[in-house]
Amino acid sequence: MTAYLTTDLLDHNEALIQQEQLRIVAPMFQRYGGRTSFAGHVVTLKLFEDNSLVRSVLGEPGAGKVLVVDGGGSLRCALLGDQLAELAVKNGWAGVVVYGCIRDSAAINALPLGVRALNTHPLKTVKRNVGERDVPVTFGGVTIKPGEWLCADEDGVIISTQPLV
């Protein structure tokens with residue numbers, strides 16, 4: 001991925017903002033992972049305190065995509081840990097955005113993966129294989145649809161209906 005700054009992308013695509021084809025996620029996420037910036041087409045999951053689907057999806061070839069996990073904003077357990085992050089790297093995922101918590105943050109910070117999450121929590125999830133894949137998810141003031149494009153860097157997370165240059 002060419003390193004694009006969210007600020008520059010927003011400055012050069014103001015018309016897309018007006019047309020709501022380029023949206024800015026509210027600044028709520030902490031940065032984790034060894035990649036400070038990442039971008040790719042979105043795959044979505046909607047679940048609550050069960051990361052079974054996270055493991056399943058990250059076990060597939062990522063081809064530079066970004067997994068967006070709507071965990072309902074739960075701060076009671078972690079939806080991503082070092083083993084799943086290593087799986088993401090192994091399978092070529094560019095990044096993971098978790099509307100919830102992660103754990104094993106020190107180990108994740110050493111991996112070449114971009115990660116955004118609300119916070120950390122040491123407790124793992126239950127495994128019930130419950131959740132939805134490839135559905136629109138809403139948090140941070142935006143709705144994110146599968147196949148859209150996500151770019152994240154030190155300044156924030158933006159969503160677009162198309163890749164930006």
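These figures come from a predicted structure and were not determined experimentally.

1. Notes on the packing of aromatic side chains
Here the structure, examined in full by the defined rule, presents two aromatic pairs. Summarising the aromatic geometry, the rings of Tyr99 and Phe139 are spaced 4.7 Å apart at their centres and angled 10 degrees between planes, so their arrangement reads as stacked. In this pair, Tyr99 is assigned in strand β6 (residues 95–102) and Phe139 in strand β9 (residues 137–139), connecting sequence segments 40 residues apart. For Tyr99, a relative accessible area of 21% puts it in the partly exposed group. Of the aromatic side chains, those joined through ring pairs into one cluster are Phe29, Tyr99 and Phe139.

2. Considering the pairing of β6
With respect to burial, β6 is a largely interior element, seven of its eight residues being buried. As judged from the six bridges shared by β6 and strand β7 (residues 114–120), these two strands associate in the parallel manner. Paired with Val96 across the strands is Val115, a residue of β7.

3. Looking at the nonpolar core
In terms of nonpolar packing, the biggest core is built from 24 residues, with Val54, Leu58, Leu67, Val69 and Leu80 touching the most fellow members. With four residues, the top contributor of residues to this core is helix α4 (residues 82–90). Beyond its immediate chain neighbours, meaning those up to four positions away, Val54 contacts Leu45, Leu47, Leu67, Val69, Leu79, Leu80 and Leu84. Of all hydrophobic cores here, the second largest spans 18 residues; its members include Phe29, Val42, Val66 and Val135.

4. A short note on α4
Within α4 the residues assigned to the buried category are Leu84, Ala85, Leu87 and Ala88. Down the axis of α4, the sector holding all buried residues measures 155 degrees, keeping them to one side. Every exposed residue of α4 that faces more than 90 degrees away from the buried side is listed here: Gln83 and Lys90. Those residues of α4 that are buried are in contact with α3 (52–58), β5 (78–80) and α5 (105–109). Within two residues after α4, Gly92 carries a phi angle of roughly 80 degrees, on the positive side.

What counts as what
- Residues numbered from 1 in each chain as written.
- Predicted model: local features only at pLDDT ≥ 70, side-chain atom pairs only at ≥ 80, totals over all residues.
- Heavy atoms only, no water.
- Phe/Tyr/Trp six-rings, centres within 6.5 Å; stacked < 30°, edge-to-face > 60°.
- Helix = DSSP H or I, 4+ residues; strand = E, 2+ residues; numbered from the N terminus.
- Buried < 20%, exposed > 50% of the residue type's maximum accessible area, 1.4 Å probe, protein only.
- Pairing = 2+ DSSP bridges.
- Core = buried A, V, L, I, M, F, W, Y, C linked by side-chain atoms within 4.5 Å.
- Contact = heavy atoms within 4.5 Å.
- Arc of directions from axis to C-beta.

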